[in-house]
Amino acid sequence: MGAAGGGAVTVHLVGAGPGAADLLTLRAVDLLTRADLVLYPGTYLDEAVLGHCRASARLVDTQALDLDTMVALMVDADARGERVVRLTSGDPSLYSALHEQGARLDAAGVAWSVVPGVPAYAAAAALVGRELTVPLVAQSVVLTRTQARSTAMPATESLEAFAATGATLVLHLAITRVRELLERLTPTHGPDCPVVVVHRASQPGELVLRGTVGGATCVADAVEAHDLRQAAVVLVGRALADPDTTAGQVAGESYLYSRERRRLRAGEEPPSSTG
């Protein structure tokens, strides 16, 4: 992946997960312990993550840097034969500018790799003990964001279009506009639909706010009261309700683990898909 010219990989784009030092992958920790240069998002990262780095490593906070400046640092380090780790919040497959970074590194002839991390939405769901795909309630999860002072969204990816599916919604980069967004979801989800907002999941300052799309328990009131401005993920959907209620919907149970499902015995061949 990005191994330009077949050379040794010196730049690693690494998912830092939700920011907790103990939720990094073993591969990520190994790379951090050997890195000469570490670029990290100070806005989203628990500083304890950097405790995995060597004392001699150069640590650069990227929150005030543009992408070209970051890539230039990586390219310069590669030219000196240094090992580089570029930490991203969550997983590099979501909102990490992986596409742009990879293209620039390829153009510079720098070999690079990607190391996955724990997505922020997964850490948030774990923290509140909820499965986002509950049988007969929601079997899909939509990971999306909204557009304000950011890159425009494709015309076909409106919040209303995703909401109409009934899937569990995970809203990234949306915390400063949460009231407006919940108002847009009211027609499809109803004011009583559960909402969970998780700020800095798994980190020392984590905060969980529970409420609804609208009404007297609208979660936007709590978000504004705590003045949350960043590092939060918003989960919306009926699957987030208490298991015994599922917000008025009847939850099913997974067929995969059902007693009625026929299971193959040891050595038995699965049935042919063609019948």
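For the structure, check the block above.
Basis of the calculations
Residues numbered from 1 in each chain as written. Predicted model: local features only at pLDDT ≥ 70, side-chain atom pairs only at ≥ 80, totals over all residues. Heavy atoms only, no water. Helix = DSSP H or I, 4+ residues; strand = E, 2+ residues; numbered from the N terminus. Buried < 20%, exposed > 50% of the residue type's maximum accessible area, 1.4 Å probe, protein only. Contact = heavy atoms within 4.5 Å. Areas by Shrake-Rupley, 256 points an atom, 1.4 Å probe, with all protein chains shown as cover. Salt bridge = Lys/Arg side-chain N within 4 Å of Asp/Glu carboxyl O. Core = buried A, V, L, I, M, F, W, Y, C linked by side-chain atoms within 4.5 Å.

Turning our eyes to something else, we now look at the overall build of the protein chain. On a plain count of helices and strands, the protein chain comes out with seven helices and ten strands. Residues classed as buried in the protein chain amount to 43% of the 275 residues present. Partitioning the contacts of the protein chain with sequence separation of at least 6, the portion at a separation of at least 24 is 69%. Put simply, the protein chain shows about 14,400 Å² of open surface, and 53% of that area lies on carbon and sulfur atoms.

Here the structure, examined in full by the defined rule, presents 13 salt bridges. A salt bridge links Asp 242 to Arg 130, with the shortest nitrogen-to-oxygen separation between them at 3.0 Å. Residue Asp 242 is found in the segment after strand 10 (232-236), and its partner Arg 130 is found in the loop between helix 4 (120-128) and strand 6 (141-145); the two are separated by 112 residues along the sequence. The class for Asp 242 is partly exposed, based on a relative accessible area of 43%. The residue Glu 180 makes a salt bridge to Arg 184 at a minimum N-O spacing of 3.9 Å.

Let's shift gears to helix 4. Residues of helix 4 that are buried include every one of Ala 123, Ala 124, Ala 125 and Val 128, and no others. On its buried face, helix 4 is in contact with strand 8 (194-199), strand 9 (207-212) and strand 10.

Below, the discussion takes up the nonpolar core. Here is a general trend for soluble globular proteins: nonpolar side chains tend to be buried in one another's company. If you look at the biggest cluster of nonpolar residues, it comprises 25 residues, and the most contacted ones within it are Leu 169, Leu 182, Val 195, Val 197, Val 234 and Val 236. Elements represented by at least two residues in this core include exactly helix 5 (159-163), strand 7 (168-172), helix 6 (178-189), strand 8, helix 7 (219-225) and strand 10. It is helix 6 that provides the largest number of residues to this core, a total of four residues. In this view, Val 236 contacts Ala 167, Thr 168, Leu 169, Leu 182, Leu 185, His 189, Cys 193, Pro 194, Val 195 and Val 213; residues no more than four positions away in its chain are not counted. Among the nonpolar cores identified, the runner-up in size contains 17 residues, and Leu 31, Cys 53, Val 85 and Leu 87 belong to it.

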